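Chain residues, written in single-letter form:
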Amino acid sequence: QVENVKLLDRYANRKTANGTLYLTATHLIYVDASAEVRKETWILHHHIATVEKLPLTTAGYPLLIHCKNFHVAHFVIGQERDCHEVYTSLLKLSQPVKPEELYAFSYNPKMSKENREIGWKLIDLKVDYQRMGIPNDCWEITDVNKDYEVCNTYPPEIVVPRAANKAVVIGSSRFRSRGRIPVLSYLYKENNAAICRCSQPLSGFSARCLEDEQMLQAIREANPGSPFMYVVDTRPKLNAMANRAAGKGYENEDNYDNIRFKFIGIENIHVMRNSLQKLLEVCEMKSPSMSDFLTGLENSGWLRHIKAVMDAGVFLAKAVKDEKASVLVHCSDGWDRTAQVCSLASLLLDPFYRTFKGFMVLIEKEWIAMGHKFSHRCGHLCGDPKEVSPVFTQFVECVWQLMQQFPCTFEFNERFLLEIHDHVYSCQFGNFLGTCHKEREDLKIFEKTHSLWPFLLQKKQELRNPLYKGFTAYKELQPNTLPFSFQFWCGMYNRFDKGMHPKQCVLDHLLNCVSQKVKLEDDASELE
Amino acid sequence: QVEQVKLLDRFSTSNKSLTGTLYLTATHLLFIDSSQRETWILHHHIAAVEKLPLTTSGCPLVIQCKNFRIVHFVVPRERDCHDIYNSLLQLSRTAKYEELYAFSYNPKQNESEQFKGWQLIDLAEEYKRMGVPNANWQLSDANRDYKICETYPRELYVPRTASKPIIVGSSKFRSKGRFPVLSYYHKNKEAAICRCSQPLSGFSARCLEDEHMLQAISKANPSNRYMYVMDTRPKLNAMANRAAGKGYENEDNYSNIRFQFVGIENIHVMRSSLQKLLEVSGTKGLSVNDFLSGLENSGWLRHIKAVLDAAVFLVKAIAVESASVLVHCSDGWDRTSQVCSLGALLLDSYYRTIKGFMVLIEKDWISFGHKFSDRCCQLDGDPKEISPVFTQFLESVWNLTEQFPQAFEFNEAFLLQIHEHVHSCQFGNFLGNCQKEREELKLKEKTYSLWPFLLDEQKIYRNPLYNPDFCPELTVLEPNTVSFNFKFWRNMYHQFDRSMHPRQSVFNLVMNMSEQNKQLEEDIKELEAKIKRRNGQSDAVIVKEHQQSAHPVPTALKTSPCFKKEQPLIPVNEAVRTIEGSNAADNRYSEFVEEFSKAEPAIVSLEYGVARMTC
């Protein structure tokens, strides 16, 4: 507990508030003493990305805290010893070493055991496959990976073509980086075209694998409507070529029957990490001129990357819907860019994924189950900083950009996205811990922690989109990806700078209107 | 009439085109495609016609309009193309006012309706609303015959202490005779926004009458000893003007003035900035980086920010310091109009209504002689006089509507429609350069006023989110002018590129919803009345119950539904306690609570009636 601490506001020129800083086991709490209304700022230790001591000023010792949810807090502490103590304890607390130290294992929302189990069963991927019509004549759910023998980063149950027998699956898995074989991600029921995902082939300069070729053939033949299938490598061509030297690479069109190969050129995790870093530097400028802002935004390249991801999603959706062709997507390991692109394409194709429940299913399916390495990418534990990358953040932003273009097609609103984004980093719920399904089982996540989804569903009222027109109003979306259509997302990157936002909240107003309408209708019918 | 003409879409990647017939009428260029859809282009809207090199499919013709529509025709025969080109060139450049569309436009109104239309906006009434004339300000008849200043209106409001000799003397010391007059009077603060042109001070000249004039303005505001003089030009430009015998006020010569440069660029910079912006927005196959760097290079948003910053400065001077402000630029009809009108818009909620916005444009733009004719190139004239000054004003207003979606009675379509008609020359309001010229043209007899037509259609211009309770009279808006808040106005610059817009229009949906709500509320009232009548007193209890369920709803909703909910999980000791930060699922939620619990008292307690909403 440190008293007489000042919290500086980034944009306001008002005089700074005086208050007290408390350090609890899980949170850093700042209580503003000067205001009439008791104002508290809570910062979860897991949200802290960096803590920085700045040079001494006349007012005291400044301490700058950057959070993973883009909150930036600037404290000024009166005494150096206090400042140093806060600094070192925050450093320790914000970087847990063992997974057992994460908040999720101590978080206790006073919920009975049965309710917890029900919570974890809320999202059942099998139901979603059933919804797509699987199993059917061409596709089956196989338990070939039940002991994680084929691929330890895949879930135990995967969907593959019926025509691909166990030998083909295992043969193919040996030819794919980390054994991530082609599996089904989404089946477009109307014309049987499928989106499949995998990792890069271990083709090097000339290697080939018969089973892998059979696997692709099986996928193509599972869709009788099209004589060919697309294989999409989401990496820039140069990166893919470079990988050949390491015995990896991409599919050779000559070796596979009737495939159309295409590069899309989304940059890798390191480029994305730097890009976000630059974007945040722009956000942090105190009073940037118009030119500074626009140049900074351009230099960061962030919106360019968002557009690249979106373009890829649109390409997939078009191939499936208009050309009726199946698509196989991969990047290097098939858990970053592939997850982005597959989930976006599903979102564009299927209105179910634009509902609360559907969006949860989508994240569970494409991201959590298929082994997007949340723990590494979000830096949950003290680890390699080069593994951290805002891949999931980009996906969330793409969805937000879609919301701007299609304000009536999503059941949820911006706050739902922000809420999910917060909890990906908060480690308060078990869903996003670990890197793959196997690891989550080893950690006993399902017994020891809670699932996020039931908590979000409870708050449905304030997270829903008042303009939503219902499930059947729109089917496939065809977004415009001209550069004019991409905006800087103030609500995400400057979320905690209160002064930056539109002074009046339309969302609340509309939510009120809707609930008012419901109430009025009830009243009217009652009166009648 | 030319057949088999193709219309190309500017942005579609596939080279799809519509084939149809092109007609040339006296006032419009009309294109009807094979599915009978019509595209009308008014000749007055045409800014440039260009013949591109011959292609295999025919002779391409690109027409750029002043409302940022760009159409790309392909005419199969070169002779036809040339004919169209020549006639369009001729038709789009009018030499005389009498040839403008407004003089031939006939909306089938009789004379009295026409007369009434022109009476709709009455500036004398508007000054009365502001509270002038009063003890300190009076109506001056000095300019009754346009003898003192040709570009001002006949009726001007000046401080009571400024006698006629002072006015005459001051006007001789001001460029084009545009001496300081009242533009807006703030009732509660007794502070005024005045406007004029630059003084003819050169390097050392001074004028006693002008100094008296400023002193009179300053004295007319009893609550403050000093006044601001805002020169909206960059300092360098103002200094350069001194060499030509013009310049700016010397703080030593005037008692108790605070002089301030604001630095809005001149009309030529603005014109080329817009030119660059249009080049960027017209490029096909642009990458995100090209777009952003193009947007930055054009400097357009920087200029918009400068204009808004100036208005914010002005508003602070009046609302916070209760000081009067005198605004000028060079001639006091471009930047001065922008800043004065935006300042008034921020200060006075009346101007944020549909009618009030019309009044504002009539007052600060039309009557004070913004040179619409020259700036919008209504007649064939000097291309260097063209500048998007009024467009910038509309864009600034649009930016404000984005920040305060509930403060304006009108929506984006209203702004776009006004912009359309400023260039269309279909109505008399914007013709000519000043009131004197308009009187000479007999516009009031020969043409129609735009405003009654807009009022007739006001349903489509209404903002469904408008909440007049948010803005009691004289509520000051405090916009945030950090550069993150400025956006490219797609609906203005790509108004006619259908494929560019968000695919779903929220507007109608929200409109319907608010209408349904109103309807339901009425239904309920009716039903309640019926029940009451039928049941008499025996069932009074039930009726009461219904009333309780029906009526508190609207009032409670104006604040927030979550305001009254309890906060789960956090042990609450204090009565009022707010939490922000990254705590937990539950705390994001209480953050909303916090914002509302703060917003509520803020409205009531703020001294100047400044409503600050923090969400």
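As the structure is a prediction and not an experimental result, all values here were calculated from the model.

## Description of the overall build of chain B
When helices and strands are tallied, chain B shows 24 helices and 15 strands. Counting only residues that meet the buried cut, chain B has 58% of its 615 residues in that class. Of the contacts made within chain B by residues no fewer than 6 positions apart, 69% connect residues no fewer than 24 positions apart. Just so you have it, chain B exposes about 26300 Å², and 50% of that area is on carbon and sulfur atoms.

## Section: the sheet that holds strand β13 (residues 257–261) of chain B
Residues and elements named next belong to chain B. Pairing is mixed across the open sheet formed by five strands, whose spatial order is β10-β11-β14-β12-β13. On the outer flanks of this sheet lie β10 (181–186) and β13, each paired with one strand and no other. Taken pair by pair, the neighbouring strands of this sheet meet at an average axis angle of 20°, ignoring direction. Sheet analysis places strand β11 (residues 191–196) next to strand β14 (residues 325–328), joined by four bridges and oriented parallel. Residue pairing across strands places Cys-196 opposite His-328, the latter belonging to β14. Packed onto the sheet, helix α6 (residues 208–219) meets β11, β12 (227–231), β13 and β14 and runs at close to 125° relative to β12. Across the face of the sheet, helix α10 (residues 300–319) comes into contact with β10, β11, β12, β13 and β14 while running at roughly 170° to β12.

## Looking at the UniProt feature "binding site: substrate" (unreviewed entry) in chain B
All names here are of chain B. UniProt records the feature "binding site: substrate" (unreviewed entry) for Asn-266, Ile-267, Cys-329, Ser-330, Asp-331, Gly-332, Trp-333, Asp-334 and Arg-335 in the present numbering. Taken along the chain, the residues just named run across 70 residues; in space they keep tight, none of their C-alpha pairs more than 12.3 Å apart. Note that Ser-330 resides in the loop between β14 and α11 (335–347). Take Ser-330: its relative accessible area is 18%, and that puts it in the buried class. In contact with Ser-330, not counting residues within four places along its chain, are Ser-175, Ser-197, Gln-198, Arg-233, Asn-241 and Arg-335. Relative to the helices and strands, Asp-331 is located in the loop between β14 and α11. On the basis of relative accessible area, Asp-331 is assigned to the buried category, the value being 17%. Other than its neighbours up to four places away in sequence, Asp-331 contacts Ser-175, Lys-176, Arg-178 and Ser-197.

## Points about the pairing of strand β2 (residues 17–24) of chain B
The side chains of a regular strand alternate, first on one face of the sheet and then on the other. Residues and elements named next belong to chain B. With five bridges joining them, β2 and strand β3 (residues 28–33) adopt antiparallel strand pairing. Across the sheet, Tyr-23 pairs through a bridge with Leu-30, a residue of β3. The turn joining β2 and β3, which pair antiparallel and follow one another in sequence, is formed by three residues.

## Re the nonpolar core
Grouped together as the largest cluster of nonpolar side chains are 248 residues, with contacts concentrated most on Phe359(A), Tyr493(A) and Phe357(B). It is α10(B) that provides the largest number of residues to this core, a total of 14 residues. Contacts of Phe359(A), omitting those with residues within four sequence positions, involve Leu347(A), Phe352(A), Tyr353(A), Phe395(A), Val399(A), Phe412(A), Phe416(A), Leu417(A) and Ile420(A). Within the second largest apolar cluster, 18 residues are counted, among which are Val5(B), Leu61(B), Cys65(B) and Val75(B).

## Some points on the domain arrangement of chain A
Residue and element names in this part refer to chain A. When cut into domains, chain A gives domain 1 (2–95) and domain 2 (117–512). The C-alpha-based centres of domain 1 and domain 2 are spaced at 36 Å. With 12 residues of domain 1 at the contact, the number on the domain 2 side is 23 residues. Here domain 1 packs against domain 2, burying approximately 1600 Å² in sum over the two surfaces, 58% of which is carbon and sulfur. Inspection of the domain 1/domain 2 interface yields zero salt bridges.

## Comments concerning a negative patch on the surface
All names here are of chain A. Together, Glu-114, Glu-117, Glu-439, Glu-441, Asp-442 and Glu-447 make up a region of like negative charge exposed at the surface. If you list the elements that add at least two residues to the negative patch, you get α3 (113–121) and α16 (437–442). Per element, the largest residue contribution to the negative patch is three residues, and it comes from α16. Looking at the element boundaries, Glu-117 is found in helix α3.

## Some words on the packing of helix α14 (residues 391–405) of chain A against helix α15 (residues 414–426) of chain A
Working note: a packed helix pair is described by the angle between its axes plus the distance between those axes. All names here are of chain A. Relative to each other, α14 and α15 sit at 180°, their axes nearing to 10 Å. One way to sum up the angle between α14 and α15 is to call them roughly antiparallel. Listed contacts from α15 to Phe-392, Thr-393, Val-396, Val-399, Trp-400 and Met-403 of α14 are Glu-414, Leu-417, Ile-420, His-421, Val-424 and Tyr-425. Looking at side-chain class alone, the contact of α14 with α15 contains nine nonpolar, two polar and one charged residues.

Parameters at a glance
Residues numbered from 1 in each chain as written. Chains lettered and ligands numbered in written order. Predicted model: local features only at pLDDT ≥ 70, side-chain atom pairs only at ≥ 80, totals over all residues. Heavy atoms only, no water. Helix = DSSP H or I, 4+ residues; strand = E, 2+ residues; numbered from the N terminus. Buried < 20%, exposed > 50% of the residue type's maximum accessible area, 1.4 Å probe, protein only. Contact = heavy atoms within 4.5 Å. Areas by Shrake-Rupley, 256 points an atom, 1.4 Å probe, with all protein chains shown as cover. Pairing = 2+ DSSP bridges. Axes fitted to C-alpha atoms, helices over the stretch in contact; angles between N-to-C directions. UniProt positions renumbered as here; feature names shortened; annotations may be inferred. Core = buried A, V, L, I, M, F, W, Y, C linked by side-chain atoms within 4.5 Å. Domains from an automatic or database assignment. Buried area = accessible area lost by both parts, 1.4 Å probe. Salt bridge = Lys/Arg side-chain N within 4 Å of Asp/Glu carboxyl O. Patch = residues over 30% accessible without salt bridge, like charges linked within 9 Å, V, L, I, M, F, W, Y side chains within 5 Å. Lys, Arg positive; Asp, Glu negative; His and termini not counted. Charge placed at Lys NZ, Arg CZ, Asp CG, Glu CD. Parallel < 35°, antiparallel > 145°, perpendicular 65-115°, else oblique. Nonpolar A, V, L, I, M, F, W, Y, C, P; charged D, E, K, R; others polar.

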